[in-house]
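Secondary and tertiary structure notes
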Amino acid sequence: NKGSIEDKSLLENMYYFTFDTINKYIRIHTDDTDGELCTYDIEINTLDGLLTIIDGKKNLIELDSNSDKLTASIHKDIILNSENITMNSKRHTINTNEYILNAANSITTKTSTYKFSATSSSLTTNITLSGSVKSSGGEITHNGKHIDSTHTHTGNLGYDTSKPNN
(Lines give C-alpha, C1' and ligand atoms only; values in the text may rest on other atoms or scores of the structure.)
Protein backbone atom coordinates (compact mmCIF):
# COMPACT_ATOMS: atom_id res chain seq x y z
CA ASN A 1 0.00 0.00 0.00
CA LYS A 2 1.18 3.49 -0.84
CA GLY A 3 1.08 6.39 1.58
CA SER A 4 2.43 7.58 4.86
CA ILE A 5 2.41 5.35 7.96
CA GLU A 6 1.00 8.33 9.86
CA ASP A 7 -2.19 7.94 7.81
CA LYS A 8 -4.22 5.76 10.22
CA SER A 9 -6.68 4.66 7.52
CA LEU A 10 -3.78 3.04 5.65
CA LEU A 11 -2.77 1.12 8.77
CA GLU A 12 -6.25 -0.41 9.00
CA ASN A 13 -5.94 -1.71 5.42
CA MET A 14 -2.73 -3.71 5.82
CA TYR A 15 -1.07 -6.37 7.90
CA TYR A 16 1.40 -5.03 10.42
CA PHE A 17 3.38 -6.01 13.50
CA THR A 18 4.42 -3.27 15.96
CA PHE A 19 6.95 -3.29 18.80
CA ASP A 20 6.60 -0.05 20.77
CA THR A 21 9.10 0.10 23.64
CA ILE A 22 8.16 3.69 24.49
CA ASN A 23 4.43 2.96 25.02
CA LYS A 24 5.15 -0.64 26.14
CA TYR A 25 3.04 -2.69 23.74
CA ILE A 26 3.25 -5.25 20.97
CA ARG A 27 0.47 -5.30 18.37
CA ILE A 28 -0.43 -7.61 15.48
CA HIS A 29 -3.06 -6.41 13.03
CA THR A 30 -4.57 -8.25 10.06
CA ASP A 31 -6.60 -6.90 7.16
CA ASP A 32 -9.66 -8.08 5.23
CA THR A 33 -9.35 -6.12 1.97
CA ASP A 34 -8.40 -9.26 0.01
CA GLY A 35 -11.50 -11.21 1.00
CA GLU A 36 -10.33 -12.47 4.41
CA LEU A 37 -13.24 -13.45 6.67
CA CYS A 38 -12.36 -10.98 9.41
CA THR A 39 -9.71 -8.64 10.74
CA TYR A 40 -7.87 -9.39 13.98
CA ASP A 41 -5.99 -7.23 16.45
CA ILE A 42 -3.87 -8.81 19.16
CA GLU A 43 -2.19 -6.48 21.62
CA ILE A 44 0.02 -7.09 24.64
CA ASN A 45 0.12 -3.88 26.67
CA THR A 46 2.63 -4.38 29.49
CA LEU A 47 2.28 -0.80 30.75
CA ASP A 48 -1.43 -1.29 31.64
CA GLY A 49 -1.27 -5.09 32.08
CA LEU A 50 -3.67 -5.95 29.24
CA LEU A 51 -3.75 -8.76 26.70
CA THR A 52 -6.49 -8.05 24.16
CA ILE A 53 -7.75 -10.06 21.19
CA ILE A 54 -10.51 -8.45 19.11
CA ASP A 55 -11.86 -9.26 15.68
CA GLY A 56 -13.62 -7.11 13.10
CA LYS A 57 -16.99 -8.39 14.34
CA LYS A 58 -16.19 -6.91 17.80
CA ASN A 59 -15.79 -10.30 19.49
CA LEU A 60 -13.39 -9.68 22.37
CA ILE A 61 -11.18 -11.57 24.79
CA GLU A 62 -9.31 -9.45 27.32
CA LEU A 63 -7.03 -10.44 30.18
CA ASP A 64 -6.65 -7.52 32.60
CA SER A 65 -3.76 -8.37 34.95
CA ASN A 66 -4.21 -5.09 36.84
CA SER A 67 -7.72 -6.01 38.03
CA ASP A 68 -7.28 -9.82 37.82
CA LYS A 69 -10.16 -10.11 35.35
CA LEU A 70 -10.78 -12.12 32.17
CA THR A 71 -13.50 -10.77 29.88
CA ALA A 72 -14.95 -12.57 26.88
CA SER A 73 -17.62 -10.90 24.78
CA ILE A 74 -18.80 -13.15 21.97
CA HIS A 75 -21.83 -12.38 19.79
CA LYS A 76 -22.95 -15.98 19.24
CA ASP A 77 -21.81 -19.20 20.90
CA ILE A 78 -19.13 -20.26 23.36
CA ILE A 79 -18.55 -24.00 23.13
CA LEU A 80 -16.42 -25.80 25.68
CA ASN A 81 -15.59 -29.42 24.98
CA SER A 82 -13.66 -31.17 27.69
CA GLU A 83 -13.79 -34.38 29.68
CA ASN A 84 -13.91 -32.38 32.93
CA ILE A 85 -14.37 -28.70 33.72
CA THR A 86 -13.75 -27.48 37.25
CA MET A 87 -14.61 -23.94 38.34
CA ASN A 88 -13.54 -22.57 41.72
CA SER A 89 -14.83 -19.20 42.84
CA LYS A 90 -16.28 -17.43 45.86
CA ARG A 91 -19.44 -16.56 43.92
CA HIS A 92 -20.80 -17.79 40.61
CA THR A 93 -23.55 -15.66 39.01
CA ILE A 94 -25.30 -16.49 35.74
CA ASN A 95 -27.61 -13.90 34.17
CA THR A 96 -29.61 -15.28 31.28
CA ASN A 97 -33.13 -15.39 29.83
CA GLU A 98 -33.23 -19.19 29.78
CA TYR A 99 -31.03 -21.82 31.47
CA ILE A 100 -31.03 -25.40 30.19
CA LEU A 101 -29.03 -28.10 31.95
CA ASN A 102 -28.86 -31.55 30.36
CA ALA A 103 -27.22 -34.22 32.50
CA ALA A 104 -27.29 -37.73 31.03
CA ASN A 105 -26.82 -39.54 34.36
CA SER A 106 -27.24 -37.39 37.47
CA ILE A 107 -27.04 -33.97 39.09
CA THR A 108 -25.47 -33.72 42.55
CA THR A 109 -25.70 -30.58 44.64
CA LYS A 110 -23.91 -30.30 48.00
CA THR A 111 -24.59 -27.21 50.07
CA SER A 112 -25.63 -26.18 53.58
CA THR A 113 -28.59 -24.08 52.34
CA TYR A 114 -30.53 -24.33 49.09
CA LYS A 115 -32.91 -21.52 48.12
CA PHE A 116 -35.21 -21.76 45.14
CA SER A 117 -37.47 -18.91 44.05
CA ALA A 118 -39.79 -18.89 41.05
CA THR A 119 -43.16 -17.41 40.15
CA SER A 120 -44.25 -20.85 39.01
CA SER A 121 -42.51 -24.20 38.90
CA SER A 122 -43.30 -27.65 37.62
CA LEU A 123 -41.62 -30.89 38.60
CA THR A 124 -42.34 -34.13 36.79
CA THR A 125 -40.60 -37.04 38.49
CA ASN A 126 -40.76 -39.52 41.34
CA ILE A 127 -39.40 -38.04 44.56
CA THR A 128 -37.87 -39.74 47.57
CA LEU A 129 -37.53 -37.43 50.56
CA SER A 130 -35.45 -37.88 53.70
CA GLY A 131 -36.07 -35.44 56.52
CA SER A 132 -38.87 -32.99 57.14
CA VAL A 133 -41.04 -31.11 54.68
CA LYS A 134 -42.48 -27.78 55.78
CA SER A 135 -44.88 -25.54 53.92
CA SER A 136 -45.77 -21.94 54.73
CA GLY A 137 -47.64 -19.24 52.88
CA GLY A 138 -49.37 -21.60 50.49
CA GLU A 139 -51.28 -24.80 50.18
CA ILE A 140 -50.37 -28.34 49.27
CA THR A 141 -52.74 -30.15 46.94
CA HIS A 142 -52.95 -33.56 45.28
CA ASN A 143 -55.29 -34.00 42.31
CA GLY A 144 -56.92 -30.68 43.19
CA LYS A 145 -57.61 -31.65 46.85
CA HIS A 146 -55.95 -29.96 49.81
CA ILE A 147 -53.35 -31.97 51.69
CA ASP A 148 -52.87 -30.09 54.92
CA SER A 149 -53.84 -30.26 58.58
CA THR A 150 -57.58 -30.01 57.80
CA HIS A 151 -58.02 -32.97 55.50
CA THR A 152 -58.95 -36.42 56.73
CA HIS A 153 -58.84 -39.99 55.53
CA THR A 154 -61.79 -42.24 56.18
CA GLY A 155 -60.64 -45.80 56.39
CA ASN A 156 -62.67 -48.93 55.92
CA LEU A 157 -63.46 -48.77 59.66
CA GLY A 158 -65.77 -45.80 59.01
CA TYR A 159 -63.93 -43.18 61.09
CA ASP A 160 -61.11 -40.63 60.58
CA THR A 161 -57.89 -42.66 60.24
CA SER A 162 -55.59 -39.69 59.58
CA LYS A 163 -55.11 -38.97 63.29
CA PRO A 164 -54.27 -41.30 66.14
CA ASN A 165 -57.36 -42.96 67.67
CA ASN A 166 -57.61 -41.71 71.28
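Data block above holds the structure.
Attention here is on the structure that accompanies the text. (Residues numbered from 1 in each chain as written. Predicted model: local features only at pLDDT ≥ 70, side-chain atom pairs only at ≥ 80, totals over all residues. Heavy atoms only, no water.)

Another aspect to go through is the overall build of the protein. Within the protein, the secondary structure is distributed over one helix and eight strands. Secondary structure elements of the protein, listed N to C terminal, follow the sequence α-β-β-β-β-β-β-β-β. Residues counted as buried form 10% of the 166 residues belonging to the protein. Considering only intrachain contacts with a sequence separation of at least 6, the fraction spanning at least 24 residues in the protein is 1%. Accessible surface, the protein: about 15800 Å² in total, of which carbon and sulfur atoms supply 49%. (Helix = DSSP H or I, 4+ residues; strand = E, 2+ residues; numbered from the N terminus. Buried < 20%, exposed > 50% of the residue type's maximum accessible area, 1.4 Å probe, protein only. Contact = heavy atoms within 4.5 Å. Areas by Shrake-Rupley, 256 points an atom, 1.4 Å probe, with all protein chains shown as cover.)

The next thing to look at is the pattern of salt bridges. A full pass over the atoms with the stated rule returns one salt bridge. Residue Arg27 is joined to Glu43 by a salt bridge in which the shortest nitrogen-to-oxygen separation is 2.4 Å. Residue Arg27 is located in strand S2 (residues 25-29), and its partner Glu43 is located in strand S3 (residues 40-45); the two are separated by 16 residues in the primary sequence. (Salt bridge = Lys/Arg side-chain N within 4 Å of Asp/Glu carboxyl O.)

This part covers the side chain of Asp55. Take Asp55: it is sitting in strand S4 (residues 50-55). Summary of buried charges: Asp55 has no salt-bridge partner, and the nearest side chain of opposite charge, Lys57, is 6.0 Å away. At 2.8 Å, the side chain of Asp55 forms a polar contact with the backbone nitrogen of Asn59. Sequence-distant contacts of Asp55, that is, excluding residues within four places in its chain, are made with Cys38, Thr39 and Tyr40. (Lys, Arg positive; Asp, Glu negative; His and termini not counted. Polar contact = N/O pair within 3.5 Å; in protein donor to acceptor, adjacent residues only side chain to side chain.)

A few words now on the sheet that holds S2. In sheet architecture, strand pairing relies on hydrogen bonds along the backbone and comes in two forms, parallel and antiparallel. What the six strands build is an open sheet, ordered S1-S2-S3-S4-S5-S6; its pairing is antiparallel. In the strand order of this sheet, the two ends are held by strand S1 (16-20) and strand S6 (69-73), each with one partner. Going from strand to strand, the sheet's axes swing by 5 degrees on average, the running direction of each strand aside. With five bridges connecting them, S1 and S2 associate as antiparallel partners. (Pairing = 2+ DSSP bridges. Axes fitted to C-alpha atoms, helices over the stretch in contact; angles between N-to-C directions.)

In this section: the packing of aromatic side chains. Applying the stated criterion across every chain, the model contains one aromatic pair. Ring centres of Phe17 and Phe19 lie 4.8 Å apart, and the angle between their planes is 90 degrees; on these two criteria the pair is classed as edge-to-face. Overall, the relative accessible area of 58% leaves Phe19 in the exposed class. (Phe/Tyr/Trp six-rings, centres within 6.5 Å; stacked < 30°, edge-to-face > 60°.)

Our focus in this paragraph is the pairing of S3. Relative to S3, S2 is paired through five bridges, and the arrangement is antiparallel. By the bridge assignment for S3, Arg27 is matched with Glu43. As judged from the six bridges shared by S3 and S4, these two strands associate in the antiparallel manner. Its bridge partner being in S4, Glu43 is matched across the sheet by Thr52. In sequence, S3 turns back onto S4 through a hairpin of four residues, with Gly49 there showing a positive phi of about 70 degrees.

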